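# Coordinate inspection notes
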Amino acid sequence: APAPAAQPAEAQAPAPIKIPRSLAEVDNGQILGFSADLSEDHPGFHDAVYKQRRVDICNLARTHQIGQPIRRIAYTPEEVDVWRTVMTELQQLFPQHACKEVGRFLRCWPLFNFSPDEVPQLEDLSAVLQRATGFQIRPVAGLLRPRDFLNGLAFRTFHSTQYMRHHSSPRYTPEPDVVHEVIGHVPMLADPAYADLVHQIGIASLTADDKQIWHLTKVYWYTVEFGVVREGGDVKAFGAGVLSSFGELQHMAADRAELVPLDVSAPLPKMSYKDGYQQRYFVLESFEEGAAQLKAYCRTLHQEMPDEVRAAVGLL
Ligand code: NLE
Ligand code: FE2
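The model shown is predicted, which means the values in this text are computed figures rather than measured ones.

## Describing helix α11 (residues 287–302)
Taking 1.5 Å per residue, 16 residues should reach 22 Å; α11 reaches 22 Å between its end C-alpha atoms and fits that length. Within α11, the full set of buried residues consists of F287, G290, A291, Q293, L294, Y297, C298, L301 and H302. Here the buried face of α11 lies against α7 (192–206), α8 (210–225), β5 (228–231), β8 (280–284) and α12 (307–312).

## Here's the deal with the packing of α7 against α8
Look at α7 against α8: their axes get within 10 Å of each other, and the N-to-C directions meet at 165°. When the interaxial angle is binned, α7 and α8 end up roughly antiparallel. Of the two elements, α7 crosses α8, and the hand of that crossing is left-handed. For the pair formed by α7 and α8, the contact residues are Y194, V198, I201, A204 and S205 on the first element and I213, L216, Y220 and V224 on the second. Looking at the contact of α7 with α8, its residues break down into 8 nonpolar, 1 polar and no charged.

## A few points about the coordination of the iron ion (ligand 2)
Every protein donor of the iron ion (ligand 2) is listed here as H180 (NE2), H185 (NE2), E225 (OE) and E225 (OE), and their distances to the metal cover 2.0 to 2.5 Å. Coordination geometry of the iron ion (ligand 2): the 4 donor atoms subtend angles of 56 to 141° at the metal centre, consistent with an arrangement described as irregular. Mapping the donors of the iron ion (ligand 2) onto the primary sequence gives the spacing H-x4-H-x39-E. Placement of the pair is H180 in helix α6 (residues 178–189) and E225 in helix α8, with a sequence separation of 45 residues. By the burial criterion, H180 is buried, and E225 matches it.

## Here's the deal with the pattern of salt bridges
Tallied over the entire structure, the rule returns 14 salt bridges. Here K295 makes a salt bridge to D196, at a shortest N to O gap of 2.8 Å. Of this pair, K295 sits in helix α11 while D196 sits in helix α7, and the two are 99 residues apart along the sequence. Judged by relative accessible area, K295 falls into the partly exposed class, the value being 23%. With relative accessibility at 24%, the residue D196 sits in the partly exposed group. The network of salt bridges with common partners includes D81, R84 and D117.

## Thoughts on the site of ligand 1
Looking at ligand 1, the residues that line it are R165, Y172, T173, P174, E175, P176, H180, E225, G241, S244, S245 and Y273. Contacts to ligand 1 include R165, whose side-chain N or O atom sits 2.7 Å from an oxygen atom. T173 places a main-chain nitrogen or oxygen 2.7 Å from a nitrogen atom of ligand 1. Contact with the protein chains covers 99% of the free accessible surface of ligand 1, which is 300 Å². Tallied by class, the residues present in the shell around ligand 1 amount to 4 nonpolar, 5 polar and 3 charged.

## Concerning the side chain of H185
Positionally, H185 belongs in helix α6. Within polar-contact distance, the side chain of H185 engages the side chain of H180 at 3.0 Å. Sequence-distant contacts of H185, that is, excluding residues within four places in its chain, are made with F158, H180, Y220, V224, E225 and A240.

## Some details on the sheet that holds β5
Read across the sheet, 4 strands follow the order β6-β5-β8-β7 without closing on themselves; strand pairing throughout is mixed. Edge positions in the open sheet fall to β6 (234–237) and β7 (258–261), since each of these has one partner strand only. Averaged over all neighbouring strand pairs, the angle between strand axes comes to 45°, with direction disregarded. Bridge count between β7 and β8: 4 bridges; the pairing is parallel. Bridge pairing in β8 links V260 to F282.

## Overview of unusual backbone geometry
Its identity as a non-glycine residue notwithstanding, N113 has a phi of 50°, on the positive side. Tracing the chain through its elements places N113 in the loop between α3 (105–108) and α4 (122–133). Residue classification places N113 among the exposed positions, given a relative accessible area of 67%. Phi at R156 is positive, roughly 50°, even though this residue is not glycine. Note that R156 resides in the loop between α5 (146–154) and β4 (157–160).

## Some words on the state of the cysteines
Evaluated as defined, the whole model comprises 0 disulfides. The closest cysteine sulfur to the non-disulfide-bonded C298 is located on C99, 19 Å from its own sulfur. Judged by relative accessible area, C298 falls into the buried class, the value being 0%.

## Topic: the confidence of the model for the protein
For the protein, per-residue confidence averages 92 on the pLDDT scale, and 95% of positions sit at 70 or higher. By mean pLDDT, the top-scoring element of the protein is helix α10 (residues 246–253) (98), and the lowest-scoring one is strand β1 (residues 31–33) (82). Across the interfaces of the predicted complex, the ipTM metric reaches 0.98, alongside a pTM of 0.93.

Reading guide: rules and limits
- Residues numbered from 1 in each chain as written.
- Chains lettered and ligands numbered in written order.
- Predicted model: local features only at pLDDT ≥ 70, side-chain atom pairs only at ≥ 80, totals over all residues.
- Heavy atoms only, no water.
- Helix = DSSP H or I, 4+ residues; strand = E, 2+ residues; numbered from the N terminus.
- Expected span 1.5 Å × (residues − 1).
- Buried < 20%, exposed > 50% of the residue type's maximum accessible area, 1.4 Å probe, protein only.
- Contact = heavy atoms within 4.5 Å.
- Axes fitted to C-alpha atoms, helices over the stretch in contact; angles between N-to-C directions.
- Parallel < 35°, antiparallel > 145°, perpendicular 65-115°, else oblique.
- Left-handed = near helix turned anticlockwise from the far one by under 90°.
- Nonpolar A, V, L, I, M, F, W, Y, C, P; charged D, E, K, R; others polar.
- Donors = N, O, S within 2.8 Å, 3.2 Å for Na, K, Ca; no water.
- Tetrahedral: all angles 85-135°; square planar, octahedral: opposite > 155°, others 65-115°.
- Salt bridge = Lys/Arg side-chain N within 4 Å of Asp/Glu carboxyl O.
- Near = heavy atom within 4 Å.
- Polar contact = N/O pair within 3.5 Å; in protein donor to acceptor, adjacent residues only side chain to side chain.
- Areas by Shrake-Rupley, 256 points an atom, 1.4 Å probe, with all protein chains shown as cover.
- Pairing = 2+ DSSP bridges.
- Disulfide = S-S within 2.5 Å.
- pLDDT = per-residue confidence, 0-100.

See below:
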């Protein structure tokens, strides 16, 4: 997931945009947070064993080379327990509350055959995704700058963390972790229409200026991460942050949050990792309608794109 961008300062001259022409040129070195350095309010802050585990897993991500297999993690029994708890709870909630119409979550879910007893390995999931939609996973140590995260999508690459949330809070964590990536994002990315949408968002980010990146990050946050979609008379979880947290999913299902029609060209509220469950969800009237809106917005950012960039991301 991308980190919230700092609002661009008015007075400063904007730095020239460096447009990556390949995945190798997407900067995954700059991690803004949620890596191995835990803040005081993180549930693992006082847990030295947990902290060292994060350091080790983050170091594997930092040293990963493009094209090499993603290293497998031997998840500990305690980590598998967290995974099992989340899987068990979510499997009860998904049939009623996850989006399922053509091309969405519940259709892709069985492709992966997740077992509650085993944390899936990014390398295996990346292989399934590549066959399904050409997307691949690249391990990352924490939150990337929004520009870098979004640029990765243009090269059909999804940056994923590999460490596990702390065992004291399986129901919800504010940060991306392997549960969030694997359950929230991976199945959706196996759907061609969805993958295409995410690819378009990535392409739009390539030539976006800082102000446009800021808006695009919010668009991404309120749809891909936290959107809900109308199916029949009901509202279903669409965003990865809702699908990967049984606490958030129960919160959404309880109907207490405000529902706001999605308008991607209107100003969107400030996003934050610190606010807990969403107090309002943006609603896609259908996947098709939401995707059409998002793509139309993305096209407004494609206009200035040089031909060699278009070629590099498969637009030409
Ligand atoms: N709150 C989500 C979860 O617990 O799975 C993670 C959100 C990451 C943006
Ligand atoms: Fe995410």
